[in-house]
Amino acid sequence: MNTNSLVSISDIGRDEILKLLETARQFEENPNRRLLEGKVVATLFFEPSTRTRLSFETAVNRLGGRVIGFSDANTTSSSKGETLKDTIKMVSNYVDLIIMRHYLEGAARYASEVTDVPIINAGDGANQHPSQTMLDLYSIYKTQGTLENLTITLVGDLKYGRTVHSLIMAMRYFNPEFRFVACKELGMPIEYKIFCEENGIKYTEHTDFSPEVINSSDIIYMTRVQRERFADIMEYEKVKDLYNLNNSMLGGAKENMKILHPLPRVNEIAQDVDDNPHAYYFEQARNGLYARQALICRALGIEV
Ligand code: CP
């Protein structure tokens, strides 16, 4: 495995996270720098995406590199039965970096083991989404002025939500207090609760998205119930609309509180929240460009 790969957020420690946030800040000041001249980057998306793929590709373009790849695996030789191993080995012949999203948990780890080209995991099933976590951390840092000692409320699909899994792991360095708000079917998996206990992370679990929870949060991180992860559509129908945030629920929120969401949203944040000063999800998605520029440079060993 190339040591510059980013498969799990646990591949990078506290110091490196802070360095990447500083690099993201520099890219926000000036996103157009020709640091990737002569480099070719592949974006291989075996699952749909809007933000992750387009922000990674914009990041490469703004840094002067070139992009090849696909956003629909049905148009590739995977549809003829080519294995993931063979696809990765082939693409490795052409590029300097592979950015991959795949529906199978562990696919990014596997890919990183069959090539010497660095891999950035752009989401693997319900497992991890480390580049999302870097932009989430950057968004939290920008809005709160710190990552330390924050009360963070995670709401919705905590079972399949890879973004919340990665965020918990990254926040272990910063003494957070988490609230997990979910129905019992979509509660935080036991392995992440054990992770919290082993790392001294405080958490409480709630089925009620109550005013007390909302009014004492620094960050409310909403998530979509992911229909594509359910084997039984009736199970999805039962839980899809249990947690919805609207403007009338925000009157008592702390002044610094910001609402994050990895997006796309379906019904979990009402449109009337979009113009509320607590809403930050569209800015959060913009921060993805700068965080991903920092990650691409890290993967290619380019000093910024
Ligand atoms: N947040 C996120 O991963 O969005 P996309 O699925 O649109 O890439």
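Heads up: the structure comes first, above all this text.
Structural notes, computed from the coordinates. (Residues numbered from 1 in each chain as written. Predicted model: local features only at pLDDT ≥ 70, side-chain atom pairs only at ≥ 80, totals over all residues. Heavy atoms only, no water.)

### So, the overall build of the protein chain
- Across its full length, the protein chain carries ten helices and nine strands.
- Against the 2.2 N^0.38 benchmark of 19 Å for 304 residues, the protein chain shows a C-alpha radius of gyration of 19 Å, consistent with a compact globule.
- Across its three principal axes, the protein chain shows a C-alpha extent of roughly 55 × 45 × 40 Å.
- Here the protein chain holds 304 residues, and 56% of them are scored as buried.
- Long-range contacts, defined as pairs at least 24 residues apart, comprise 74% of the intrachain contacts of the protein chain with a sequence gap of at least 6. (Helix = DSSP H or I, 4+ residues; strand = E, 2+ residues; numbered from the N terminus. Rg over C-alpha atoms; globule rule 2.2 N^0.38 Å. Buried < 20%, exposed > 50% of the residue type's maximum accessible area, 1.4 Å probe, protein only. Contact = heavy atoms within 4.5 Å.)

### Brief notes about the site of the ligand
- Around the ligand, the neighbouring residues are Ser-49, Thr-50, Arg-51, Thr-52, Arg-101, His-129, Gln-132, Pro-262 and Leu-263.
- Between the ligand and Thr-52, the relevant distance is 2.6 Å, taken from an oxygen atom to a side-chain nitrogen or oxygen of the residue.
- Relative to its free-state accessible area of 250 Å², the ligand is covered by the protein chains to the extent of 91%.
- Residues that form the shell around the ligand fall into these classes: two nonpolar, five polar and two charged. (Near = heavy atom within 4 Å. Polar contact = N/O pair within 3.5 Å; in protein donor to acceptor, adjacent residues only side chain to side chain. Areas by Shrake-Rupley, 256 points an atom, 1.4 Å probe, with all protein chains shown as cover. Nonpolar A, V, L, I, M, F, W, Y, C, P; charged D, E, K, R; others polar.)

### As for the pairing of strand 2 (residues 66–70)
- Inspection of the sheet shows strand 1 (residues 40–45) paired to strand 2 by five bridges, in the parallel sense. Bridge assignment links Val-41 to a residue of strand 2, and that residue is Val-67.
- Between the parallel elements strand 1 and strand 2, the chain passes through helix 2 (residues 51–62) in a crossover that is right-handed. (Pairing = 2+ DSSP bridges. Right-handed = clockwise from strand over helix to strand, strands pointing away.)

### Quick look at the state of the cysteines
- Using the criterion set out here, one finds zero disulfides in the structure.
- Counting only cysteine sulfurs, Cys-196 is the nearest neighbor of Cys-183, a cysteine outside any disulfide, at a range of 19 Å.
- Of the residues examined, Cys-183 reaches a relative accessible area of 8% and is grouped as buried. (Disulfide = S-S within 2.5 Å.)

### Section: unusual backbone geometry
- Between Leu-263 and Pro-264 the backbone carries a cis peptide bond, its omega angle lying at 5°.
- Checked against the element boundaries, Pro-264 lands in the loop between strand 9 (258–260) and helix 10 (281–299).
- Its identity as a non-glycine residue notwithstanding, Asn-149 has a phi of 60°, on the positive side.
- Relative to the elements of secondary structure, Asn-149 occurs in the loop between helix 5 (130–144) and strand 5 (151–155).
- Using a relative accessible area of 53% as the deciding quantity, one classes Asn-149 as exposed.
- Its identity as a non-glycine residue notwithstanding, Leu-263 has a phi of 65°, on the positive side.

### Re the environment of Thr-143
- Tracing the backbone shows Thr-143 in helix 5.
- The sequence separation of Thr-143 and Leu-245 amounts to 102 residues, and the corresponding C-alpha distance is 20 Å.
- Once residues lying within four places of it in the same chain are set aside, the contact partners of Thr-143 are Ile-219, Lys-258 and Tyr-280.
- Within polar-contact distance, the side chain of Thr-143 engages the backbone oxygen of Ile-140 at 3.3 Å.

### Quick notes on the sheet that holds strand 3 (residues 97–102)
- One open sheet holds the four strands; their spatial order is 2-1-3-4, and the pairing between them is parallel. The sheet is open, and its two edges are formed by strand 2 and strand 4 (119–124), each paired on a single side. Strand-to-strand twist of the sheet, defined as the mean angle between neighbouring strand axes without regard to direction, takes the value 15°.
- Sitting on the sheet, helix 3 (residues 84–92) touches strand 1 and strand 3, and the angle it makes with strand 3 is about 155°. (Axes fitted to C-alpha atoms, helices over the stretch in contact; angles between N-to-C directions.)

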